[in-house]
Number of protein chains: 2
Amino acid sequence: MALGKDYATQECSIARALEIVGERWTLLVVRDALYGVRRYNDFLVHLGAPRAVLAARLQTLTSEGILEKRRYQESPPRDEYVVTERGIALWPTLRALGLWGREHFGEEQLRCFRHADCGTELGPYGECPACGTIVPVRDVLMVPGPGLDPDPADPVSRALLRPKRLLQPLEIDPA
Amino acid sequence: MALGKDYATQECSIARALEIVGERWTLLVVRDALYGVRRYNDFLVHLGAPRAVLAARLQTLTSEGILEKRRYQESPPRDEYVVTERGIALWPTLRALGLWGREHFGEEQLRCFRHADCGTELGPYGECPACGTIVPVRDVLMVPGPGLDPDPADPVSRALLRPKRLLQPLEIDPA
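Residues numbered from 1 in each chain as written. Chains lettered and ligands numbered in written order. Predicted model: local features only at pLDDT ≥ 70, side-chain atom pairs only at ≥ 80, totals over all residues. Heavy atoms only, no water.

**Concerning the environment of lysine 164 of chain B**
All names here are of chain B. Its location among the elements puts lysine 164 in strand E7 (residues 164-165). Residue classification places lysine 164 among the buried positions, given a relative accessible area of 6%. For the pair formed by lysine 164 and leucine 61, sequence separation is 103 residues and the distance between their alpha carbons is 24 Å. Ignoring anything within four residues of it in the chain, the contact list for lysine 164 reads Tyr35, Gly36, Val140, Leu141, Met142, Pro169 and Leu170. In this structure the side chain of lysine 164 is engaged in a polar contact, spanning 2.6 Å, whose partner is the backbone oxygen of glutamine 168. (Helix = DSSP H or I, 4+ residues; strand = E, 2+ residues; numbered from the N terminus. Buried < 20%, exposed > 50% of the residue type's maximum accessible area, 1.4 Å probe, protein only. Contact = heavy atoms within 4.5 Å. Polar contact = N/O pair within 3.5 Å; in protein donor to acceptor, adjacent residues only side chain to side chain.)

The structure is reproduced here in structure tokens:
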């Protein structure tokens, strides 16, 4: 069944947020952008979303100010998509959703999130239990968890095996 | 474009969670259930979702253990949908999403969430700044905010104008 994407009768900030990020694939694009993915082909290979869908999501996320399109090469022209402060502010939502998925569907931990400064694993609210502070997204170190078994054919998954800070551009080995 | 609901290649707890709650309307059904809505007709009038979609979402949420179907009347048989602990555990996700919607899309506050014990407005992580604790969902008092202007024809919206604790069944005035 085809459904529109707005919730016209819903006077609610949750519904408003879902009008923007509630479409299929959108939050996974934001997730990848927070992990440091910036280029169309890298989103494509990592997500496996249909090209037209990915292009539409990147367009929406850019027009809503969640990603920013930046030219990184002039000839031929090539753009990348960099997550903005508005996009970074979606991290608590994504973290909460991932925690719920893991706790309630019995998965092993696929990715660990630590405080880069002290190495302590973050608590359920993104706080560092050792330092007693909410850790800014830039200072979150992402480390592969014991349950992670990535697709060896996907260079983005392989690159995400190395510990890295969130937001830091992902360094992808040439194929 | 019709898109399936699974993310087969995504080895990720966020993607797993979105396979369950990422479809259109699903998180708004959970929101209403947390607000105390329990009956099919009340979800229907408050959400304005197509009947077939609402029925499908209630079915999925029940089979995934997020809502529990309970018979409240035998003749004629009538069921209600009560949010489970697994559904209650989605509150941090919904709260974070609503906060993002409000902060980034310039809306007035539509609903305030307070610590029922002391009346203090909760902080961004659902903590009570006065008591210094994360407030359990049962102890969150929901109060209409200054920006709320509900549809007078919708008895659920009207009932939600009264301050109430989350999870407490909504008391709806007869039409």
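**Brief notes about the side chain of arginine 38 of chain A**
Relative to the assigned elements, arginine 38 of chain A resides in the loop between helix H2 (26-34) and helix H3 (40-47). The buried category is assigned to arginine 38 of chain A, whose relative accessible area is 18%.

**Comments concerning the environment of threonine 62 of chain A**
All names here are of chain A. As for its position among the elements, threonine 62 is in helix H4 (residues 51-63). Residue classification places threonine 62 among the partly exposed residues on the basis of a relative accessible area of 23%. Sequence separation between threonine 62 and tyrosine 81 is 19 residues; the distance between their C-alpha atoms is 8.0 Å. What threonine 62 contacts, discounting residues up to four positions off in sequence, is Leu67, Lys69 and Tyr81. Here the side chain of threonine 62 touches leucine 58 through a polar contact of 2.7 Å, landing on its backbone oxygen.

**A word on the environment of alanine 153 of chain A**
Note that alanine 153 of chain A resides in the loop between strand E6 (140-144) and helix H7 (155-159). Once the C-alpha coordinates of alanine 153 of chain A and valine 45 of chain A are considered, the two residues, 108 residues apart in sequence, prove to be 9.5 Å apart.

**With respect to H3 of chain A**
Residue and element names in this part refer to chain A. Among all positions of H3, only Asp42, Phe43, Leu44, His46 and Leu47 are buried. The inward-facing, buried residues of H3 abut H2, H4, strand E2 (77-83) and H7. Directly after H3, the chain includes glycine 48, whose backbone phi takes a positive value near 65 degrees.

**Comments concerning the relation of the copies chain A and chain B**
Of the transformation placing chain A onto chain B, the axial shift is 0.0 Å and the rotation is 180 degrees, giving an RMSD of 0.0 Å. Overall, the copies show the geometry of a two-fold rotation axis. For chain A, the minimum C-alpha distance to the rotation axis belongs to threonine 93 of chain A and amounts to 2.5 Å. Most of the interface of chain A is mirrored in chain B, where 100% of its interface residues are also at the interface. (Least-squares fit on C-alpha atoms with pLDDT ≥ 70 in both.)

**Notes on the interface of chain A and chain B**
Counting residues at the interface gives 57 residues for chain A and 57 residues for chain B. In total, about 5000 Å² of surface goes out of reach between chain A and chain B, with carbon and sulfur atoms giving 65% of it. When residues of chain A are sorted by the area they lose upon contact with chain B, Glu11, Arg24 and Trp100 of chain A head the list and together hold 15% of the total. Connecting chain A to chain B are zero salt bridges. Elements represented by at least two residues in the side of chain A that touches chain B include exactly helix H1 (13-21), H2, H3, H4, helix H5 (85-88) and helix H6 (91-104) of chain A. Per-element accounting of the side of chain A that touches chain B gives the leading share, 11 residues, to H6 of chain A. Taken together, the residues that form the side of chain A that touches chain B break down as 32 nonpolar, 11 polar and 14 charged. (Buried area = accessible area lost by both parts, 1.4 Å probe. Salt bridge = Lys/Arg side-chain N within 4 Å of Asp/Glu carboxyl O. Nonpolar A, V, L, I, M, F, W, Y, C, P; charged D, E, K, R; others polar.)

**Thoughts on the domain arrangement of chain A**
Residue and element names in this part refer to chain A. Here chain A is described as being made up of domain 1 (8-86) and domain 2 (90-165). The distance between the C-alpha centroids of domain 1 and domain 2 comes to 20 Å. Contact residues are listed per partner, giving 14 residues for domain 1 and 15 residues for domain 2. In this assembly, domain 1 packs against domain 2 so that about 1100 Å² is buried in total across both faces, 74% of it on carbon and sulfur atoms. Joining domain 1 to domain 2, the criterion identifies one salt bridge. At the junction of domain 1 with domain 2, the criterion picks out two residue pairs in polar contact (both at pLDDT 80 or more). At the level of elements, H2, H3 and H5 are the ones that each hand at least two residues to the side of domain 1 that touches domain 2. With four residues, the single largest contributor to the side of domain 1 that touches domain 2 is H2. Taken together, the residues of the side of domain 1 that touches domain 2 sort by class into eight nonpolar, two polar and four charged. (Domains from an automatic or database assignment.)

**What to know about the packing of aromatic side chains**
Residue and element names in this part refer to chain A. Counted by the stated rule, this structure contains four aromatic pairs over all chains. Judged by centre distance (5.1 Å) and plane angle (70 degrees), the rings of tryptophan 91 and phenylalanine 113 are edge-to-face. Note that tryptophan 91 is positioned in helix H6 and phenylalanine 113 in strand E3 (residues 111-115), a separation of 22 residues in sequence. On the basis of relative accessible area, tryptophan 91 is assigned to the buried category, the value being 5%. A relative accessible area of 17% means that phenylalanine 113 is categorised as buried. Ring geometry for tryptophan 100 versus phenylalanine 105: centroids 5.3 Å apart, planes at 70 degrees, classification edge-to-face. Above the face of the tyrosine 72 ring, arginine 39 is positioned so that its terminal group lies 3.7 Å from the ring centre. (Phe/Tyr/Trp six-rings, centres within 6.5 Å; stacked < 30°, edge-to-face > 60°. Lys NZ or Arg CZ within 6 Å of the ring centre and 35° of its normal.)

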